[in-house]
Amino acid sequence: MKRIGYLIDTITDIDNLYWAYWKAKRGKSQKPEVVAFGASLDANLQNLREEVVSGKVNVGEYHYFTIYDPKERQICAASFKERVLHHALMNVCHPFFEKQQIYDSYACRLEKGTYKALDRAKRFSAQYAYFAKLDVRKYFETLDHSILKNLLSQIFKDKQLLLILFQIIDSYENAPNKGIPIGNLTSQYFANHFLSKADHFVKETLKIKPYVRYMDDMILWGEDIALLKQKVKALQNYLETVLKCELKPVVMNKIEKGLPFLGYVIWKEKITLAKRSKTRFRQKLKRLDALLDAEKITQTEYQRKILPLLAFIQKASSFLFRKIVILPLEDSQKARTV
């Protein structure tokens, strides 16, 4: 594989830095650190440019907070200047990461995403009798720095770019030489690329066509359960020995029992909501309703927040659930406007 050469001039081009700034501020333009950065925009972008050119970037100024949806996770938010840096890097590096991806990798990619992954998984589920689902335990927290750096060195030969990427990697540890922060744009690219090696192993060595990956959720299908077990064992061995990933217990079953994936359950003929997703939907709906009643959010904000929730449940065969949950909501909304 031919490695990519010098990219620093493109990364530090002033138009790219302005583009990175506008992408980083999207949806956050009123936050104090964003306002402060924008107040001296030219000077701040010039300073960032000089750091990148020198190869010594100021990274690691993280703010930590915890979320509990869908499970407890620590989010690591970089400073606004770092987020501009991340966008500047990935504006240019994106196509080279993209070239490493197989068709059936769906996380953090343009024109892919959750719903495309679901559609593909449903298609395979209609064709095969068995599935096997693999999932890495605490994936972001345990990703190996040395292996990641080696994988990046196989794409890029620009030493200055690699030095900056390595500084970003080294700016965070969950354990010695392990972990990347959930929340960084660069982390999404790093994590998705890390398992692309396993994707190619599945396709090129194991010769498996029915395969879908969404970040660290990997699903394989087959008609012969014994052969599927053999392939899964080979993939497990690759993940654990080559990429040093610790896996959760493999879920293997008949499709007729239902395949749990991305908050849904996939069957041969339909997609339904997972029980946990129904609970989370009700909880989010209740919180939004309470915020609206307390006038902590406007009707416009309420609608903006609820639309993706409705889209999520509408992806599934959920007519009865929507009838039970949504109709009382509509009645409540009508009562507010009276």
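As a reminder, the structure under discussion sits directly above these lines.
Let me begin by describing the structure that accompanies this report. If you're wondering where the values come from, they're calculated on a predicted model, not measured in any experiment. (Residues numbered from 1 in each chain as written. Predicted model: local features only at pLDDT ≥ 70, side-chain atom pairs only at ≥ 80, totals over all residues. Heavy atoms only, no water.)

Structural notes on the side chain of N184
Quick reminder of the rule: Numbered from the N terminus, helices here are DSSP runs of H or I no shorter than four residues, and strands are runs of E no shorter than two. Think of a polar contact as two N or O atoms within 3.5 Å of one another; within protein, one of them needs to be a possible hydrogen donor and the other a possible acceptor, and neighboring residues in sequence only count if both atoms come from side chains. Should any heavy atoms of two residues lie within 4.5 Å, those residues are counted as being in contact.
Locating N184 in the fold gives a position in the loop between α9 (159-170) and α10 (185-194). At a separation of 3.4 Å, a polar atom in the side chain of N184 contacts the side chain of Y62. Apart from residues no more than four positions distant in its own chain, N184 is found in contact with Y62, C76, A78 and H86.

Considering the nonpolar core
The tendency in soluble globular proteins is for nonpolar side chains to be buried as a group. To be explicit about the condition: The criterion is simple. A nonpolar core is a set of buried Ala, Val, Leu, Ile, Met, Phe, Trp, Tyr and Cys residues joined through side-chain atoms within 4.5 Å. For the exposure calls, accessible area comes from a 1.4 Å probe over protein chains only, and a residue counts as buried if that area is under 20% of its type's maximum, exposed if over 50%, partly exposed in between.
F156, F190, F194, L195 and L239 are the most contacted members of the largest nonpolar core, which has 72 residues in total. Considering every element that reaches this core, the biggest residue donor is helix α5 (residues 80-98), with 10 residues. Every residue in contact with F156, bar those within four places of it in the chain, is listed here: R3, I4, L7, C93, F96, F97, L161, L162 and L165.

Here we look at the pairing of strand β5 (residues 217-222)
Using the following cut-off: Any two strands with at least two DSSP bridges between them are considered paired.
Where burial is concerned, most of β5 is hidden: six out of the six residues are buried. Residues D217, I219 and W221 point to one face of β5 and M218, L220 and G222 to the other, with burial holding for every one of them. Sheet analysis places strand β3 (residues 130-135) next to β5, joined by six bridges and oriented antiparallel. The residue bridging K133 from the neighbouring strand is I219, located in β5. When strand β4 (residues 211-214) meets β5, the two strands line up antiparallel, connected through four bridges. The partner of V212 across the bridge, within β5, is I219. What sits between the antiparallel neighbours β4 and β5 is a turn of two residues, in which M215 has the positive phi angle 55°.

Let's talk about the sheet that holds strand β9 (residues 271-273)
Here is the rule we go by: The axes are straight lines fitted to the C-alpha atoms, using for helices just the contacting stretch, and the angles between their N-to-C directions are given from 0 to 180°.
On the basis of which strands lie adjacent, the open sheet formed by three strands has the order β7-β8-β9 and antiparallel pairing. What marks the edges here is a single partner per strand, and that holds for β7 (259-261) and β9. This sheet shows a mean twist of 30° between the axes of neighbouring strands, independent of strand direction. Of the strand pairs in this sheet, β7 and strand β8 (residues 264-266) are connected by three bridges, and their pairing is antiparallel. Its bridge partner being in β8, L259 is matched across the sheet by I266.

Focus: the pattern of salt bridges
Quick note on the threshold: The salt bridge criterion pairs a side-chain nitrogen of Lys or Arg with a carboxyl oxygen of Asp or Glu, the two atoms within 4 Å.
As enumerated under the stated definition, the model contains 11 salt bridges in all. The partner of K315 in a salt bridge is D119, and the shortest N-O contact between them spans 2.7 Å. On the criterion of sequence distance, the pair formed by K315 in the loop between α14 (299-314) and α15 (319-337) and D119 in helix α6 (residues 114-127) is long-range, its members being 196 residues apart. Note on K315: relative accessible area 26%, which makes it partly exposed.

Looking at the environment of L195
By the secondary structure assignment, L195 is in the loop between α10 and α11 (196-205). Not counting chain neighbours up to four residues away, the residues in contact with L195 comprise V136, Y139, R213, M215, D216, M218, L239, L243 and C245.

Considerations on α6
To be explicit about the condition: A helix is expected to span 1.5 Å multiplied by its residue count minus one. The directions from the helix axis to the C-beta atoms are what the arc is built from.
Spanning 14 residues, α6 covers 20 Å between terminal C-alpha atoms, matching the ideal 20 Å at 1.5 Å per step. Here α6 has its buried residues at A117, L118, R120, A121, F124 and S125. The buried residues of α6 all sit within an arc of 165° when viewed along its axis, so they share a single face. On its buried face, α6 is in contact with β4, β5, β7, β8 and β9.

Thoughts on the packing of helix α2 (residues 14-25) against helix α4 (residues 41-54)
The line we're drawing: Angles below 35 degrees are treated as roughly parallel, those above 145 as roughly antiparallel, those between 65 and 115 as roughly perpendicular, and all remaining angles as oblique. By definition, turning the near helix anticlockwise from the far helix through less than a right angle yields a left-handed crossing, and turning it clockwise yields a right-handed one. Classification used: nonpolar for Ala, Val, Leu, Ile, Met, Phe, Trp, Tyr, Cys and Pro, charged for Asp, Glu, Lys and Arg, polar for all others including Gly.
Packing of α2 against α4 brings their axes to within 11 Å, and their N-to-C directions diverge by 115°. Comparing their axes, α4 and α2 come out roughly perpendicular. In this structure, the crossing between α2 and α4 has a hand that is right-handed. Residues I14, L17, Y18 and Y21 of α2 touch α4, and the partners they reach there are L41, D42, L45, L48 and R49. Grouping the amino acids of the contact of α2 with α4 by side-chain chemistry returns seven nonpolar, no polar and two charged.

Here's the deal with the sheet that holds strand β6 (residues 251-254)
Spatial ordering of the open sheet is given by β4-β5-β3-β6, a layout of four strands whose pairing is antiparallel. For this open sheet the edge positions go to β4 and β6, each flanked by a neighbour on one side alone. When strand polarity is set aside, the average angle formed by the axes of neighbouring strands in this sheet is 15°. The sheet contacts of helix α12 (residues 225-241) involve β3, β5 and β6, and relative to β3 the element is tilted by about 15°.

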